[in-house]
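Chain and residue survey
One letter stands for each residue in the lines below.
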Amino acid sequence: MAEPKENLQMEKIVSLCKRRGFVFQSSEIYGGLNGFWDYGPLGAELKRNVKELWWHAMTRQREDIAGLEATIIMSPKIWEASGHVATFADLMSTCKSCKKLIRADQVWDILIEQPWVQSLADVVDVGTQTFDGDALLRWAAGKGKRLAPELALVRNPTVTLSWLSERSKTSKENPVSAKEFYQYIATEQLTATGLITPCPHCGGELTAPRPFNLMFETWAGPLQSDENKVYLRPETAQAIFAQFKNVLETSRQKVPFGIAQVGKAFRNEITPRNFTFRSREFEQMELEFFIKPDEVIEAIHGSVFTPTPNAPLATPQPNWGWQAWHQYWVEERVRFYEGIGLSRETLGFHHQTPEELAHYARACTDILFKFPFSKKDEQGHVKGDELEGIAARSDFDLSQHQRFSGKPMGVFDDELRAAWAKLPKEKADDLWKRYYDHRKNYLTKSAKPDETPEQIAQQATEDANGLARGQYIPHVIEPSAGVDRLILALIANAYTETVKTDDKGKSETIYTMKFHPRVAPIKVGVLPLLKNKPELVNKALEVRELLRPWLNIYYDEAGSIGKRYARQDEAGTPFCVTIDFDTLGEKPELLDTVTIRYRDDGRQERLKISELLAFLLSKTR
Ligand code: GAP
C-alpha cells in the first residue's frame, strides 16, 4: 500500500527543518531522545519572533494584562491544589511481548501507520471485509513473521483464522469492522475477556489501559525523599494563579484583567508523535484573564450582556459576563493567528462537548490547525489538530489555591458593595441564591474526605454573604497556546514546492518558506552583486550596518545572485536587498538606490537607501 500523501508531506517538512536548521532531534549524536527537540539557528529566531509577538500583543499593546515569569519547579502543593497530582494522567497500555508503552487513545492511529498493517492491505480489503484465507496464511508465514512476529495469526495461523472465518460468516448482517478484523487476527484464544487489541509494534497482546501520571518528578535538595519530591511544571498556568494576589497588588490592576506568561512545560507523554506536535518538553503561552462572576455583573449593571454566537466582539464592555469574554478571546486569538499568516481557512474549531469538559469548566473552544497529519472526518473534511484551547474555567483554580494554601484569593470591589446596597431585596436574594448554589456545587465536588455537608453549606453561605461586602473570587478565561505547535503550523503553512524546468528540459524542485514577514527568522538578505568588487562589497556592508540594529539580516556574498536568492527563499527571508553598479552611480539617477526583491513572486523594485529602513520596518512589524 502506498504511503499516505500527508505523511510524505510531513517527511519533506521534517527533512527541510533539519537541512536548513529549523529543528534538530535533541541529543542526535547519541541517537536522539524521544519527545525532545532542539531549534537550530533559523528555528530559534522563528520561535523568538513568535513569543515576542504574543508577548507584545498580550501585554505591551494592552492596558489590562500584566506579565509574569515564574519558576519551573514550584511547591508540590500547587499541583495537589490544581488536581494534577491526582488526575493529570493518560490511559496507557503495555505490550505483553515487546513491553512498549502506548497511549490507549492512540493505538489505532499508530497501528494504521505500521508497515505490517500497510502490507496486509495487499492481501485483504479490510474496508469491504473481503479476505482470502490462503493469502492470509501466506502473509503470516512471510511478511507477517518478519514485521509482526507476535501477532496471533503469525504464531498460530490456522486456529486464529478459524475464529475469523467463524465470525465472518455473519458478515452480511453484522460485517466485521476494520478494528475488529485486527483484533481477530491478534486473538489466539477467544475467551470470556473477549478480543485482544494488537500491539502496533509487534502484534502482541496489549494490557487493559491504566492511568499514568504525566508529571516529571525530581527532588529539590540532596535527599531523594518524599518530602523533597517536586515536579517539573506540566503547564505554566498554575504559577499565575499562585501569584495572582502579588500581581494584582503590584500592578495596580482591577478585575477584569489578565496575567500572561510564556515558558517551558514538561509532560512525560506516553507516545510523543507527529514531530514536535506532542513533545515531552515544550513551551506554552498562557493568559489567565480574570473576570467578575455573572452575579456580580448583574448586581452592578442590572443584567449581563448576551453575545450573539459567532458575532465578533471587538471592544470589551463593563457588562460582559463569561460568555462574552470567552467569545471575545476566541476571536482575539484567531486575529492573532491571522496577523502572523495563518488564514482562517487553515484553522478549525472544536467546541468541547459537556462530556469532554472538566467538571468546573463552562466552555472550551479549541483552535485547530490543519496539519499535514490531521485526519479526515467521515465526510472527508480535515478538521485539524489543537493549537490552542480557550477555556472558561469558572473560579475553580483560585478557589482551589485558597482552600489548599489557606490564603484568601478573593478581591474587594467597591462598585459591587455600593450596587449591592441599592439592590431591591428580591434581586439581591436571587443573586445571593445563584452565587450560593455555584459555590456549594464547587465545594461539594472538591470536598476533602473529612468535610461534612454542613461545613460545605456554611462555607457557601459565607461566600455568598461576601457579595454584600463587595467580595468575590474572580472567574477566569484561559487562552492557552503551545509555542512548538504554532511553530510547526507556521512551518507547514509556509512550506512551498515548485518545479522549475530550464531551456534544456532539466527540472529542479525549488523550496520556498513563505513565512509572514513578522515571523520570518531573517527579515532581509543583504547581497552585493559581486564579491570581487570592493566598491560593491563596501557599500553592501554599509547597508548591513544601517539595518542591523533594527532587523535580523543575513549578509551573503558567496555564489551567483540566483543561488543566493534561492538560499534566502528556502530560509523564508521575505526581502533581499541587492547592491549593484547602479547603487554606485553607474546610472547617475540611480545613485544610492538598491534593488528590493520580494520572495513570494520574485518581483524587484528600486528604492533609495535613505528610505530602506523605514520601508522594511513597515513591512516586518
Ligand atoms: N493550562 C491549560 C493547558 O495546559 P492544554 O490543552 O493541556 O491546556 C495547552 O495545553 C496547549 O499547550 C495545547 O493547546 C498545545 O498547544 C500545548 N501542548 C500541550 N501538550 C503539549 C505537548 N505534549 N507538546 C507540545 N505542545 C503541547
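What comes next concerns the included structure. The shown structure was predicted, so the numbers you read here are calculated from the model rather than taken from an experiment. (Residues numbered from 1 in each chain as written. Predicted model: local features only at pLDDT ≥ 70, side-chain atom pairs only at ≥ 80, totals over all residues. Heavy atoms only, no water.)

**Observations regarding the packing of aromatic side chains**
- If you walk through the whole model with that rule in mind, you get 25 aromatic pairs.
- Taking 5.0 Å as the distance between ring centres and 5° as the angle between the ring planes, the aromatic pair formed by Phe-371 and Phe-373 counts as stacked. Taken as a pair, Phe-371 and Phe-373 share a single burial class, namely buried.
- Each ring, one from Phe-396 and one from Tyr-442, has its centre 6.1 Å from the other, and the planes form 85°; the classification is edge-to-face. You can see Phe-396 sitting in helix α15 (residues 396-405) and its partner Tyr-442 sitting in helix α17 (residues 425-445), a full 46 residues away along the chain. The exposure classification of Phe-396 matches that of Tyr-442, with both residues buried. (Phe/Tyr/Trp six-rings, centres within 6.5 Å; stacked < 30°, edge-to-face > 60°. Buried < 20%, exposed > 50% of the residue type's maximum accessible area, 1.4 Å probe, protein only. Helix = DSSP H or I, 4+ residues; strand = E, 2+ residues; numbered from the N terminus.)

**A short note on helix α22 (residues 609-620)**
- Compared with an ideal rise of 1.5 Å per residue, which puts twelve residues at 16 Å, α22 spans 17 Å between its outermost C-alpha atoms and is within 8% of the ideal.
- Close packing links the buried residues of α22 with β21 (524-528), α20 (534-547), β23 (575-579), β24 (593-598) and β25 (604-608). (Expected span 1.5 Å × (residues − 1). Contact = heavy atoms within 4.5 Å.)

**Details of the nonpolar core**
- Grouped together as the largest cluster of nonpolar side chains are 61 residues, with contacts concentrated most on Trp-329, Tyr-337, Leu-486 and Phe-515.
- Look past the residues within four positions of Tyr-337 in its chain and what remains in contact with it is Leu-342, Leu-347, Ile-367, Leu-387, Glu-388, Ala-481 and Leu-486.
- Core analysis: the next-biggest nonpolar cluster, separate from the first, contains 36 residues, Ile-240, Met-409, Ala-428 and Ala-460 among them. (Core = buried A, V, L, I, M, F, W, Y, C linked by side-chain atoms within 4.5 Å.)

**Description of the site of the ligand**
- Taken together, 19 residues lie around the ligand, and Glu-235, Arg-267, Glu-286, Glu-386 and Leu-387 are the ones closest in.
- The backbone of Gly-482 places a nitrogen or oxygen atom 3.0 Å from an oxygen atom of the ligand.
- Arg-485 places a side-chain nitrogen or oxygen 3.5 Å from a nitrogen atom of the ligand.
- A total of 560 Å² of accessible area belongs to the ligand in isolation, and the protein chains cover 89% of it.
- Those elements that place two or more of their residues in the shell around the ligand are β12 (281-291), β15 (385-392) and β18 (475-482).
- The class makeup of the residues in the shell around the ligand is five nonpolar, five polar and nine charged. (Near = heavy atom within 4 Å. Polar contact = N/O pair within 3.5 Å; in protein donor to acceptor, adjacent residues only side chain to side chain. Areas by Shrake-Rupley, 256 points an atom, 1.4 Å probe, with all protein chains shown as cover. Nonpolar A, V, L, I, M, F, W, Y, C, P; charged D, E, K, R; others polar.)

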